[in-house]
Amino acid sequence: NEPTEIQTALIQQTSATCLIDATLNLSASGGTPPYDYSLSNTFNTIEGNFTTDVTFAVTPGIYQYFVRDANGCSFNPTNEINVEEVPMLIVNLEDLDTDINCLGDNNGFIRASAQGGLGNYVYTLQDATTGANIAPVTQDTPGAFSNLPAGNYRIQVTSGDCIANSSDVQIMEPQNPLLATFNKTDITCFGENNGSLEIVATGGTGIIKYAIGPGQGQTFSPFIFSLELGQFFESPVFN
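So, here is what we can say about the structure in this document.

Thresholds, definitions, all that
Residues numbered from 1 in each chain as written. Predicted model: local features only at pLDDT ≥ 70, side-chain atom pairs only at ≥ 80, totals over all residues. Heavy atoms only, no water. Core = buried A, V, L, I, M, F, W, Y, C linked by side-chain atoms within 4.5 Å. Buried < 20%, exposed > 50% of the residue type's maximum accessible area, 1.4 Å probe, protein only. Helix = DSSP H or I, 4+ residues; strand = E, 2+ residues; numbered from the N terminus. Contact = heavy atoms within 4.5 Å. Pairing = 2+ DSSP bridges. Axes fitted to C-alpha atoms, helices over the stretch in contact; angles between N-to-C directions. Phe/Tyr/Trp six-rings, centres within 6.5 Å; stacked < 30°, edge-to-face > 60°.

1. Side note on the nonpolar core
Moving on, step 1. Leu24, Leu26 and Tyr65 are the most contacted members of the largest nonpolar core, which totals 36 residues.
Moving on, step 2. Here this core gets four residues from one element, more than from any other, and that element is strand 2 (residues 22-29).
Moving on, step 3. Once you skip the residues sitting within four places of it in the chain, Tyr65 turns out to touch Leu10, Leu24, Leu26, Tyr37, Ser38, Leu39, Glu47, Phe56, Val58, Pro77 and Thr78.

As structure tokens, this is what we get:
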């Protein structure tokens, strides 16, 4: 009698994640158990031994093993397995509205999309200063967060056990509210048109626009003009 021919099989049992290596399963039959296995046909380095099969963790790469039995008999190498690396998880900022129109408003907007990792992305808005989560959490792709007040934000994405953060986003608002006061001068005599209205406006952002429209019983067209902040020394006066 003679032993049967050694038959081997190599399969990838689990895929890699960001925190856990992939695993391979090596099995053999025939010959005379137990078996040794090695990456080299010279068996200078023995990776391990088993009776029927063995499962072990591996890093990304191409693997093929040689198996020999208790009598030192060996056969052709196993099939090759290419263990792929998990693609790096990246968070891209797709759309931003980082300027609040008026002091105290909450019209900030951030939208992000992720790539790589293990898929099934979960987007979480965070305070970039403290790292605390800000509700709500969304699983939409991309992750969109609106109605944001001024602050420093980032979006964290989880994909399985992979975690990545976007760059920080600072949403700004004007430092001062838009305020206006009015100084009026009444008409001196009945039927004349020498009344005036002086407008003193401060705060806001950029150009301040002034307009006067028809009052009760009046039919004249609105008059509109604008002055750049810091460019005038006298307040607008409507006569």
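2. Considerations on the sheet that holds strand 13 (residues 143-148)
Moving on, step 1. Taking strand neighbours across the sheet as the criterion, the three strands line up as 9-10-13 in an open arrangement whose pairing is antiparallel. Only two strands of the sheet have a single neighbouring strand rather than two, namely strand 9 (90-97) and strand 13. Along the sheet, successive strands turn relative to each other by an average axial angle of 20 degrees, direction set aside.
Moving on, step 2. Where strand 10 (residues 108-115) lies against strand 13, four bridges are found, and the strand directions are antiparallel. In the sheet register, Ile110 faces strand 13, and the bridge partner there is Phe145.

3. Details of the sheet that holds strand 5 (residues 53-58)
Moving on, step 1. Read across the open sheet, the three strands follow the order 1-2-5; overall the sheet is antiparallel. Each of the sheet's edge strands pairs with one partner strand only, and the pair in question is strand 1 (7-14) and strand 5. The sheet shows a mean angle of 20 degrees between the axes of neighbouring strands, direction not considered.
Moving on, step 2. Taken together, the six bridges between strand 2 and strand 5 define a ladder with antiparallel strand orientation. Among the inter-strand pairings, Leu24 is bridged to a residue of strand 5, identified as Phe56.

4. A closer look at the environment of Gly160
Moving on, step 1. Following the sequence through the fold, Gly160 ends up in the loop between strand 14 (151-159) and strand 15 (162-165).
Moving on, step 2. Residues Gly160 and Tyr121, spaced 39 residues apart in sequence, show a C-alpha to C-alpha distance of 8.0 Å.
Moving on, step 3. Once you skip the residues sitting within four places of it in the chain, Gly160 turns out to touch Leu118 and Gly119.

5. Some thoughts on the packing of aromatic side chains
Moving on, step 1. Per the stated rule, a full pass over the model turns up six aromatic pairs.
Moving on, step 2. Taking 5.3 Å as the distance between ring centres and 15 degrees as the angle between the ring planes, the aromatic pair formed by Tyr37 and Phe56 counts as stacked. In this pair, Tyr37 is assigned in strand 3 (residues 35-38) and Phe56 in strand 5, connecting sequence segments 19 residues apart.
Moving on, step 3. With relative accessibility at 13%, the residue Phe56 sits in the buried group.
Moving on, step 4. With a centroid separation of 6.4 Å and an interplanar angle of 10 degrees, the aromatic rings of Tyr63 and Tyr65 are classed as stacked. For the pair formed by Tyr63 and Tyr65, the shared burial category is buried.
Moving on, step 5. Taken together, the ring pairs in this structure connect Tyr35, Tyr37, Phe50, Phe56, Tyr63 and Tyr65 into an aromatic cluster.

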